[in-house]
Amino acid sequence: MDADIVELAESLFDEATGVNERRLLVLAGDRAAGYDILESLLDSLPVAITATTLVGPDNRLRCEHLPQANASDLLGTTRDVIALDTHDGLRPNALGKVVGAVDGGGLLVLLTPPLEDWPDRGGEFDESLAVPPFSVADVTGRFRRRLVETVRAHRGIGIVDLESESIADDGLTNPAPRCTGEQQSSLEAPTNARFPDETYEACLTGDQVDAVAAFESLLEGTETTEATEATKTIEAARSDRPRAVILEADRGRGKSSAAGLAAGAMAAAGLDVLVTAPRSRNAAEIFDRARELCGTLPDVDAAVDTARRLETAVGGRIRFLEPTDAVTHLATADVVIVDEAAALPVAMLESLLEADNVAFATTIHGYEGAGRGFSVRFRDRLAESDHAVAERTLVEPIRYAAGDPVEVWAFRALLLDARPPVESLVENATPESVEYRTLEPDDLLADEHLLREVFGLLVLAHYRTEPNDLARLLDAPNLEARALVHHGAGDTDDSDGGRVVSVALLAREGNLLPETRTMMYEGGRVRGNMLPDVLTSQLRDESAGEPAGLRVVRIATHHAVRSRGLGSRLLECIREEFSSETSDVSGGDRDRRSRETVDWLGTGFGATPDLLEFWRENGYRTVHVSTTRNDASGEYSALMLAPTTESGADVHDRHADWFARRFPALCTDALSDLDPDVARGLLRSVDDAPAPPLELSDHDWRVVAGAAYGPGLFDVDPGPFRRLVVRYFVENPPDIDLTDREERLLVLRALQGRDVSTVAERLEYHSTGQCMRALGTALRPLVDRYGGDAALEERDRFADE
């Protein structure tokens, strides 16, 4: 039998090599038997041991070994054979990264338990889904069940049953031979190309040629030094209009290589190219291709060459900076290149768009998670900008042939290409036309169309939705999903469940045992309880984890029907359901009752003015803001609560009070660089009732009123001013009508204590004197409204003069 399996592996490998595709071989059954077969087939295949990787818990072969947790090390690399051992569990992210690293003509081998038993075999990843108070016994195996179904259904996948010693499916597709190599030999540089010919000669497809040529548009906004003859002459034709290039592609299409060739050509012409990406390893391909190109051009060899920096002999350079650092160095670069852009938050992309000449290269369906915030929300922002945009989509695969069956299988198994409904089916949806629906995991598993729509919308909700999230949606006991569905003109209740137009992913938190709460308070970490964890460990509230809560992890509305109130309608339905044990769930779950009323609803997100306003309008109130910026989003994170019971209100009220009391001190310390509009939004989202009352002594009022109406100075005692400004923003009285500029002045000068010259420059006051007078003017209506007798006497004393 072993010989038959080895022969099958050889046949799959030969077939893959002949048509530049990949094949998958599943060895299902006893682990030791699987490794015996694996060693035999590796000995028989014409593959160097250096081109082979084992991904699993043990280093049992002579080749490179990685645990599943380190599968990211394969990104940007290719292997001829990769074996993935799943007997101790499977991380969906690891599977995606492994698939993406198998080269054309290569073989992926999965070592699995018997396929009939695999769905019920847990592992380390399942343990990560067992969020307290749930246990690993509550984690289901729906993701693995669906994975097994796809393995059995797709072409190009050989299956060996080691238990019965039989070949269940040989996986051979018997494809017709393909012609290769002709396209590459015919590639030529575009007419009047400004990059050197060697740049285009290094391209492997026509798509790459078009992509590299698009980068030439960025030269219109640059000034260059005189370059060598080999780099042609890139004229200094500076344009006042900023320019942007967009490259989109699936994995394996050569977008990063195209960006690297363009970067190399620019550095060879003396330009300064700034590269950024979620991680430095994501940009490795750019530096590799740039280095290779510079090596083919005379007199421009790299003088300094590292993984994060390359300098040329003609004064050009390519350097890598993390996104948050890159934002502060945009002005120093001639061209900025952002790789894996879809894995960055939209807010970060908007900041990078401040560059005059910028390129965004992104994976459409990424193995690491590529939210469509880029392709939908960021494109809206790009359309509103002044940038002249050149767009290219790379379709032709480079590492393997088009239609590769392993890629087709991976896209289906991991829902990498999941999409929301087409616009025409949902364009008439309104809050009045939709139904509220509970999305049970079993229903999602049974309805592939529904699952794809839901997951496609969740991808829209976040800048980085990963294969792991699909498993969480199907298997995690603490997660629930709710949706609004719309029936279009062609849909009927009997034949169709409707189209998903808005979806929310909810996580149960809190309801923790006393010993768990004590462990958190003493520094221990508890998975999946973000809000109780922060309130307990950071804010020193040991009882915060006792009430039961429901956190809105993600919420997304179809881009075709945004700004119609559908997201707010969904949050309203969720609140109605979980605020009362007798609340009905309509639509397909009319007879279902809420499993359990919760004490609070909550959320946490990178704070922006628009998001703060959205959640405030839906009844959520600020209780905390992080004191460090999120590494990926570059934003400070806000935590908000909407209590639904008296117990939840107790937690909310004390934290709202604490937040309002400590916020002024934070503004002069950890939050000294907080955007003033975010500060305004945070304070406006604090519930007025539990926030601390304004307590100023008569002397405090004389100091404040004297600065507002007389010769007093803010710097003498900033404390009373800060308490007054906090009360104003929290209460947001309708009878005070300050301008946005005046409110920003209150934040920058009164709360954050910024130097008056800095504030004057930022808010465009003509002088520091005008800025100080404007501060007094902004404070006057606050004194009039809140001031006691001492304040009014001080006011009247100077107002009469």
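Computed from a prediction, not measured in an experiment: that's the story for all the values here.

**Let's talk about the packing of aromatic side chains**
The full count for this structure, using the stated rule, is six aromatic pairs. Each ring, one from Phe605 and one from Trp615, has its centre 6.2 Å from the other, and the planes form 20°; the classification is stacked. A residue pair is termed long-range when its members are at least 10 positions apart, and Phe605 in strand E20 (residues 600–606) and Trp615 in helix H22 (residues 609–617) qualify at 10 residues. Summarising the burial analysis for this pair, Phe605 and Trp615 share the class buried. Relative to Tyr620, the ring of Trp615 has its centre 4.9 Å away and its plane inclined at 75°; by these criteria the two rings are edge-to-face.

**As for the sheet that holds strand E16 (residues 435–438)**
Taken together, seven strands build an open sheet; the order of strands is E16-E17-E18-E19-E20-E22-E21 and the sheet is mixed. For this open sheet the edge positions go to E16 and strand E21 (621–629), each flanked by a neighbour on one side alone. Within this sheet the neighbouring strands show an average axis-to-axis angle of 25°, counted without direction. Note: E20 against strand E22 (residues 636–643), seven bridges, orientation antiparallel. Each bridged residue has a counterpart across the sheet, and for Gly602 the counterpart in E22 is Leu641.

**Details of the packing of helix H8 (residues 206–215) against helix H9 (residues 255–268)**
Contact pair H8 / H9: the axes reach a minimum separation of 9 Å and the direction vectors enclose 40°. Here H8 is positioned oblique relative to H9, judged by the angle of their axes. The way H8 lies across H9 gives a crossing that is right-handed. Along its contact with H8, which presents Gln208, Ala211, Val212 and Phe215, the element H9 presents Ser257, Ala258, Ala259, Leu261, Ala262 and Met266. The residue makeup of the contact of H8 with H9, split by class, is eight nonpolar, two polar and no charged.

**Section: the environment of Met348**
Of note, Met348 is situated in helix H12 (residues 346–352). Owing to a relative accessible area of 4%, Met348 belongs among the buried residues under this scheme. Distance from Met348 to Pro323, taken between C-alpha atoms, is 7.6 Å for residues 25 residues apart in sequence.

Parameters and conventions
- Throughout, a residue's number is its position along its own chain's written sequence, starting from 1.
- Totals for whole chains, interfaces and linings use all residues, but because this is a predicted model, local features are given only for residues with pLDDT of at least 70 and pairs of side-chain atoms are given and counted only at 80 or more.
- Excluding hydrogens and water, the side-chain figures rest on all heavy atoms present in the structure.
- Paired rings are identified among Phe, Tyr and Trp, the last through its six-membered ring, by centres lying within 6.5 Å, and are further divided according to the angle between planes into stacked (under 30 degrees), edge-to-face (over 60) and tilted (the rest).
- Runs of H or I in DSSP of at least four residues are treated as helices and runs of E of at least two as strands, each being numbered from the N terminus.
- Using a 1.4 Å probe on the protein chains alone, a residue whose accessible area is under 20% of its type maximum counts as buried, one over 50% counts as exposed, and one in between counts as partly exposed.
- Each pair of strands is called paired provided DSSP finds at least two bridges between the two strands.
- Only the stretch in contact is used when fitting a helix axis, every axis being a line fitted to C-alpha atoms; angles between N-to-C directions are given from 0 to 180 degrees.
- Any angle that is under 35 degrees is reported as roughly parallel, and any over 145 degrees as roughly antiparallel; angles of 65 to 115 degrees are reported as roughly perpendicular and all others as oblique.
- Working rule for handedness: look at the near helix, and if it is turned counterclockwise from the far one by less than a right angle, call the crossing left-handed; if clockwise, right-handed.
- Contact criterion: two residues are considered in contact whenever any of their non-hydrogen atoms come within 4.5 Å of each other.
- Amino acids are sorted into nonpolar (Ala, Val, Leu, Ile, Met, Phe, Trp, Tyr, Cys and Pro), charged (Asp, Glu, Lys and Arg) and polar (every other residue, Gly among them).

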